[in-house]
Amino acid sequence: MPDVMPLTPLTSPLDATVRPPGSKSITNRALICAALAPGTSTLTGALFADDTQAMMGAVTALGAGINQDPDNRTLTVAGIDPSTATTAGLIDARQSGTTSRFILPAAALLNARTIVDGTPQLRARPFGPILDALREVGAQIEELGEPGYLPAAVHGPLHGGNVPVSGHISSQFLSGLLMAAPLMRDGLSVTLTSPLVSVPYVEMTKAVMIAFGAQVTDLNVAAGAYTPTTYAIEPDASAASYFLGAAAVAGGRITIDGLGTASLQGDVAFADILERMGATVTRTPTSLTVTSAGHLHGVDVNMADISDTAQTLAAVAVYADSPTRVQGIGFIRGKETNRVAAVVTELRRAGIDATEDEDGFTINPGTPRPTRFATYEDHRMAMSLSLLGLRTPGIEIENPTCVAKTYPTYFTDLAALT
């Protein structure tokens, strides 16, 4: 892939059916549950990308065995018994927030010292709440760098019990604790000390855990064990947002195969926002279709529960006929980059009147000028801003390889639409 990706505007309305790769969020949750289930599990439809490879490496370091079949998008996982497993090594979570925040509690189940670390970008992301919660349930924690950040060493086992958890920074902290909870001596009961963001991701976590035999009620998990299983992973709804957004921006029809009203992923609600903007949305249990003439209206929307699609909406909003305000996403300033500031900065670079708000951003519609967009080593910056290139000439994306974090073939699949 080149260092800079030039994009060519479409010359005719879209008419395509797309099946994005497997959900990163579900793949990484299923990998944790399968790794903690003694026996062999099979994951079909799995995502093969940097973030999931990071998780594969992490659970392998815990002692799980993984057979990868990328051609068939299948993983075979030989799980461990945490009560007898030992590790004393280093887990490199790379740039993956889900891997690091899920593997810390899993590693803390073991009666051994394990260090979790990652890239400088990951080291800049907060971990204090999950480290504090792990101490509450019995973990020995050594913060080896700046307090509240990676690298950190954990040592178990965990007794579990009642634990307070902050919900407003990242739902990944809570999901990581829940997935380790069946293997805690006393199970786990979580009390939220602040409102939970990204609620659908926690519901997804619970659904995957239940599929592997865990007993979960609300935020209470019974002590017990995971059961090996065969688990089918649906396509990634965050990735689907770019193609649904493409239909809204460029006009025409895009159908997402494999995602619909039966999806576990909250990000399918991005289609609801496009519908409010004037697109037509057709839903079945296993598909979503967006049809648009390219005439869009601005919206005022809270995206706290589907924040991974906020940048996609920012790109779509450029072509609306009135301003769009996105609220409830202040916490995404702590993602791979400050996503609120980054998307505003880049749209301004293109001549768009965008403002950074306390809890989100406001995008005023306009005509973008030819622009080379910076991506801040953030895959979602690259994929969302690419939508402008479907309608506006002269759009280029720097460092397009950053999409390998979750969607290595994104630009190939985008080009196939034309």
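Residues numbered from 1 in each chain as written. Predicted model: local features only at pLDDT ≥ 70, side-chain atom pairs only at ≥ 80, totals over all residues. Heavy atoms only, no water.

(A) Structural view of the overall build of the protein. Scanning the protein for helices and strands turns up 13 helices and 23 strands. Computed over C-alpha atoms, the radius of gyration of the protein comes to 21 Å, within 12% of the 22 Å expected from 2.2 N^0.38 for 418 residues, which places it in the range of a compact globule. With the C-alpha coordinates aligned to their principal axes, the bounding extent of the protein is approximately 60 × 40 × 40 Å. Here the protein holds 418 residues, and the buried ones make up 60% of them. When contacts within the protein are restricted to residue pairs at least 6 apart in sequence, those whose partners lie at least 24 apart make up 74%. For the protein, the exposed area adds up to about 14,500 Å²; of that, 49% sits on carbon and sulfur atoms. Taking the average location of the 26 positive side-chain charges in the protein and that of its 39 negative ones, the two points are 1 Å from each other. (Helix = DSSP H or I, 4+ residues; strand = E, 2+ residues; numbered from the N terminus. Rg over C-alpha atoms; globule rule 2.2 N^0.38 Å. Buried < 20%, exposed > 50% of the residue type's maximum accessible area, 1.4 Å probe, protein only. Contact = heavy atoms within 4.5 Å. Areas by Shrake-Rupley, 256 points an atom, 1.4 Å probe, with all protein chains shown as cover. Lys, Arg positive; Asp, Glu negative; His and termini not counted. Charge placed at Lys NZ, Arg CZ, Asp CG, Glu CD.)

(B) Structural context of the pattern of salt bridges. Applying the stated criterion to the full structure yields 22 salt bridges. Residue Arg-113 pairs with Glu-142 through a salt bridge whose shortest N-O separation is 2.7 Å. Residue Arg-113 is located in strand 7 (residues 113–117), and its partner Glu-142 is located in strand 8 (residues 140–143); the two are separated by 29 residues in the primary sequence. We classify Arg-113 as partly exposed; its relative accessible area is 34%. Between Arg-325 and Asp-300 there is a salt bridge, with the nearest N and O atoms lying 2.7 Å from each other. Taken together, the residues span a long stretch of sequence, with Arg-325 in strand 19 (residues 324–327) and Asp-300 in strand 18 (residues 300–302) at a distance of 25 residues. When its relative accessible area of 37% is taken as the criterion, Arg-325 is described as partly exposed. One network of salt bridges, with partners in common, ties together Lys-24, Asp-51, Arg-125, Asp-308, Glu-336, Arg-339, Asp-378, Arg-380 and Lys-405. (Salt bridge = Lys/Arg side-chain N within 4 Å of Asp/Glu carboxyl O.)

(C) The pairing of strand 7, seen in detail. Counting buried residues along strand 7, four of its five residues qualify, which places the element largely inside the surrounding structure. Bridge analysis of strand 6 (residues 90–92) against strand 7 gives three bridges, and the strand direction is parallel. When the sheet's bridge partners are listed, Leu-90 is paired in strand 7 with Ile-115. Across four bridges, strand 7 lies against strand 9 (residues 152–155) in antiparallel orientation. Note on strand 9: the bridge partner recorded for Thr-114 is Val-154. (Pairing = 2+ DSSP bridges.)

(D) The sheet that holds strand 18, seen in detail. Read from one edge to the other, the open sheet built from four strands follows the order 18-19-21-20, with strand pairing classed as mixed. The open sheet has two edge strands with one neighbour each: strand 18 and strand 20 (354–357). Averaged over all pairs of adjacent strands, the angle between their axes in this sheet comes to 15 degrees, without regard to strand direction. In this structure, strand 20 lies alongside strand 21 (residues 360–363), joined through four bridges in antiparallel fashion. Note that in strand 21 the partner of Asp-357 across the bridge is Gly-360. Its contacts with the sheet place helix 10 (residues 310–317) against strand 18, strand 19 and strand 21, and it is angled at close to 15 degrees to strand 21. On the sheet, helix 11 (residues 339–349) packs against strand 20 and strand 21 and is oriented at approximately 165 degrees with respect to strand 20. (Axes fitted to C-alpha atoms, helices over the stretch in contact; angles between N-to-C directions.)

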